[in-house]
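Reading the structure
The residues making up each chain are set out below.
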Amino acid sequence: MGELMRRYWIPVRPTAQLVKEEVMAVRILGEDLVLFRLADGQMGLVGDRCPHRMTELRYGIPDTGGLRCCYHGWMFNPAGQCIETPLESANDPFKDRIRIKGYPVQEMGGLVWAYMGAGTDALAAAVGPCHENTGDPTHSVYLHGNLFEYVLQKQGKLEERAADGQMHTLYARMKTGNGIESLYVNPTRYGMEKGINYSKELGADRDHVSRHATVIFPFYTQTGGPGMVRQEFQIRVPVDDTNTYHINYGCYMGPEEVPVTVQESIPYYDVPLFDDDGKPLLDFVLAQDAHAWISQGPIMDRTQEHLGRTDMPIVFMRRQFEEQMRIVEDGGDPMNVFRDPATMPSLIHGGHWDEREEEGKAAVTGKGSDLSSFRGAYHKGYAIDDADRYGPAMPQVIDLMRRIDEAQEEAARA
Ligand code: FES
Ligand SMILES: [Fe+2]
């Protein structure tokens, strides 16, 4: 699995965090590394220890052309080559023989990405419970429905947080459990698609198909359809066999007539999963997910599971990983490896989502905006229901949603 993961560029940290901290320790694919940024914007991802006397480079000093070890000043360029050993003899070629790991890094979309394909000394990478949530279209019913209700009730906040009676996401989520006839899953060119077939006869409000978050191999899930006010990429970066760095990459967009605020840089924030007393937070969507995943254990013993019909996409996903690992083992290129930039698609999500969206709104064109779910109605107080509530850009997002709503009301009146 580690070999497979090393075929992809991997998002390592938000650019804004690196700009602020400049030098930081990161662990990715089982390797301990140091990520740094120099004053001229050059970035590097190198081995975590100075090979002189093994001091950690996370305490290093960013300097011209490289990162300097804090102890005796040896300096390493982004490729990991030692370029200075200042206290050694000036004409000794000693430094030329000193090297540490150095992986290529690039900035894109507010994230720093690394390519670790050159390394083979640590192959760890498990894509465990955290990632499998992506193949689980029905968990919402209980995890974000019944549990949500139970938690708000216990906090005595159900009235206040879900005062509307039915609009709150927990009610919508519980309803998605009614009339499930079957699940479906299909391979796509870039991963898989999956969803639920609903039957009126079995209790749904009508016969229909609900397509769920698109999965892009190896570890991307896109929630929110194209053109919706809020879209999110959930990126699950393997840290090692038992840890995952989970990035929620949020995008907010409006229809053409509603201008969005231009951001100078893309802000980042850490999402707390525990309160000040160390108790698990369970009153927003992402935390509910996180606690369900973590509680499955560091390495799940799958022989203990009892998979049912709703686990079909999970089974598909496990097979897809197996199949792609096999391809790598046989010397081939797995899915979504593009060696020629010209062959890269610009739009990797595709197809329509819920049939209703296709009928009604111009969701696929990017012009429409769906304000009917809690994620498009943050201006009505629903931002509190997911991790977005901690986001530094929330005032702008709420303002955007309010303006979209007003523009739509005005259009409806006209
Ligand atoms: S330990 Fe890094 S320069 Fe000596
Ligand atoms: Fe979830």
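Higher on the page you've got the structure.
Structure report, in brief. This is a predicted model, so every value here is computed, not measured.

1. Focus on the overall build of the chain
On a plain count of helices and strands, the chain comes out with 10 helices and 18 strands. Counting only residues that meet the buried cut, the chain has 47% of its 414 residues in that class. Considering only contacts within the chain whose residues lie at least 6 apart along the sequence, 56% involve residues at least 24 apart. When the accessible surface of the chain is summed, it comes to about 20,800 Å², and 52% of that surface belongs to carbon and sulfur atoms.

2. Points about the sheet that holds strand S11 (residues 111-115)
Strand order in the open sheet made by the 3 strands is S1-S11-S10, with antiparallel pairing throughout. Each end of this open sheet is capped by a strand with a single partner; those strands are strand S1 (9-14) and strand S10 (105-108). Each strand of the sheet is rotated relative to its neighbour by a mean of 35°, with strand direction disregarded. Relative to S11, S10 runs antiparallel, the two sharing 4 bridges. If you follow Val105 over to S11, its bridge partner there is Ala114.

3. Observations concerning the nonpolar core
Judged by nonpolar contacts, the single largest core of 36 residues is most densely connected at Val26, Ile28, Leu35, Leu45, Val105, Met116 and Ile235. The two domains that each donate at least three residues to this core are domain 1 (2-115) and domain 2 (129-413). Ignoring anything within four residues of it in the chain, the contact list for Leu45 reads Val26, Leu33, Val34, Leu35, Pro78, Lys101, Gly102, Tyr103, Val105 and Ala114.

4. Re the coordination of the iron ion (ligand 2)
The protein atoms donating to the iron ion (ligand 2) are His139 (NE2), His144 (NE2), Asp289 (OD) and Asp289 (OD), with metal-donor distances spanning 2.0 to 2.6 Å. One can describe the donor arrangement at the iron ion (ligand 2) as irregular, given that its 4 donor atoms subtend angles of 56 to 151° at the metal. Taken in sequence order, the residues that donate to the iron ion (ligand 2) follow the motif H-x4-H-x144-D. Note that His144 is positioned in helix H4 (residues 140-155) and Asp289 in helix H7 (residues 285-294), a separation of 145 residues in sequence. His144 gets classed as buried once you look at its relative accessible area, which sits at 1%.

5. Some words on helix H10 (residues 394-413)
End to end, H10 covers 29 Å across 20 residues, agreeing with the expected 28 Å (1.5 Å per residue, within 8%). By the burial criterion, the buried members of H10 are Met394, Val397, Leu400, Met401, Ile404 and Asp405. On an axial view of H10, the arc spanned by its buried residues comes to 135°, and they lie on one face. Across H10 from its buried face, at more than 90 degrees, point the exposed residues Pro395, Glu410 and Arg413.

6. Here we look at the pattern of salt bridges
Inspection of every chain in the model, using the stated rule, returns 25 salt bridges. The partner of Glu322 in a salt bridge is Arg326, with the nearest N and O atoms 3.1 Å apart. One end of the pair is Glu322 and the other is Arg326, both in helix H8 (residues 312-329) and 4 residues apart, which spans about a single turn. Residue Glu322 is classed as partly exposed on the basis of its relative accessible area of 41%. Taking the relative accessible area as the measure of exposure, Arg326 reaches 41% and is therefore partly exposed.

7. Here we look at the packing of H4 against H7
Between H4 and H7, the shortest axis-to-axis distance is 10 Å and the interhelical angle comes to 105°. What the angle tells us is that H4 and H7 run roughly perpendicular. Taking contact as the criterion, the partners of Leu143, His144, Leu147 and Phe148 in H4 are, on H7, Val285, Gln288, Asp289 and Ala292. In terms of residue class, the contact of H4 with H7 is made up of 5 nonpolar, 2 polar and 1 charged.

8. Focus on H7
In terms of residue burial, H7 counts as a mostly covered element, since 8 of its 10 residues are buried. Looking at H7, one finds that the buried residues are Val285, Leu286, Ala287, Gln288, Asp289, Ala290, His291 and Trp293.

9. Concerning the packing of aromatic side chains
The final tally for this structure, using the stated rule, is 7 aromatic pairs. When the ring of Trp74 is compared with that of Phe94, the centres are 5.6 Å apart and the planes differ by 90°; the resulting orientation is edge-to-face. Pair noted here: Trp74 is in the loop between strand S6 (66-68) and strand S7 (75-76) and Phe94 is in the loop between strand S8 (82-84) and strand S9 (102-103), with a separation of 20 residues, a long-range link. Among the residues examined, Phe94 registers a relative accessible area of 23% and is labelled partly exposed. Geometrically, the ring pair formed by Phe217 and Phe321 is tilted, given 5.1 Å between the ring centres and 45° between the ring planes. With Phe217 in the loop between strand S15 (214-216) and strand S16 (220-223) and Phe321 in helix H8, this residue pair connects regions lying 104 residues apart in the sequence. Here Phe217 and Phe321 have matching classes, each one buried. Ring pairing ties together the aromatic residues Tyr8, Phe217 and Phe321, which thus form one cluster. The ring of Tyr245 carries the charged tip of Arg13 above its face, separated from the ring centre by 4.5 Å.

10. Topic: the sheet that holds strand S5 (residues 61-63)
With antiparallel pairing, 4 strands are arranged side by side in an open sheet as S5-S6-S7-S8. The open sheet is flanked by S5 and S8, the only strands paired with a single partner. Strand direction decides the pairing type here: S7 and S8, joined by 2 bridges, are antiparallel. When the sheet's bridge partners are listed, Phe76 is paired in S8 with Cys82.

Definitions and cut-offs
- Residues numbered from 1 in each chain as written.
- Chains lettered and ligands numbered in written order.
- Predicted model: local features only at pLDDT ≥ 70, side-chain atom pairs only at ≥ 80, totals over all residues.
- Heavy atoms only, no water.
- Helix = DSSP H or I, 4+ residues; strand = E, 2+ residues; numbered from the N terminus.
- Buried < 20%, exposed > 50% of the residue type's maximum accessible area, 1.4 Å probe, protein only.
- Contact = heavy atoms within 4.5 Å.
- Areas by Shrake-Rupley, 256 points an atom, 1.4 Å probe, with all protein chains shown as cover.
- Pairing = 2+ DSSP bridges.
- Axes fitted to C-alpha atoms, helices over the stretch in contact; angles between N-to-C directions.
- Core = buried A, V, L, I, M, F, W, Y, C linked by side-chain atoms within 4.5 Å.
- Domains from an automatic or database assignment.
- Donors = N, O, S within 2.8 Å, 3.2 Å for Na, K, Ca; no water.
- Tetrahedral: all angles 85-135°; square planar, octahedral: opposite > 155°, others 65-115°.
- Expected span 1.5 Å × (residues − 1).
- Arc of directions from axis to C-beta.
- Salt bridge = Lys/Arg side-chain N within 4 Å of Asp/Glu carboxyl O.
- Parallel < 35°, antiparallel > 145°, perpendicular 65-115°, else oblique.
- Nonpolar A, V, L, I, M, F, W, Y, C, P; charged D, E, K, R; others polar.
- Phe/Tyr/Trp six-rings, centres within 6.5 Å; stacked < 30°, edge-to-face > 60°.
- Lys NZ or Arg CZ within 6 Å of the ring centre and 35° of its normal.

Distances and angles like these do not, on their own, reveal function.
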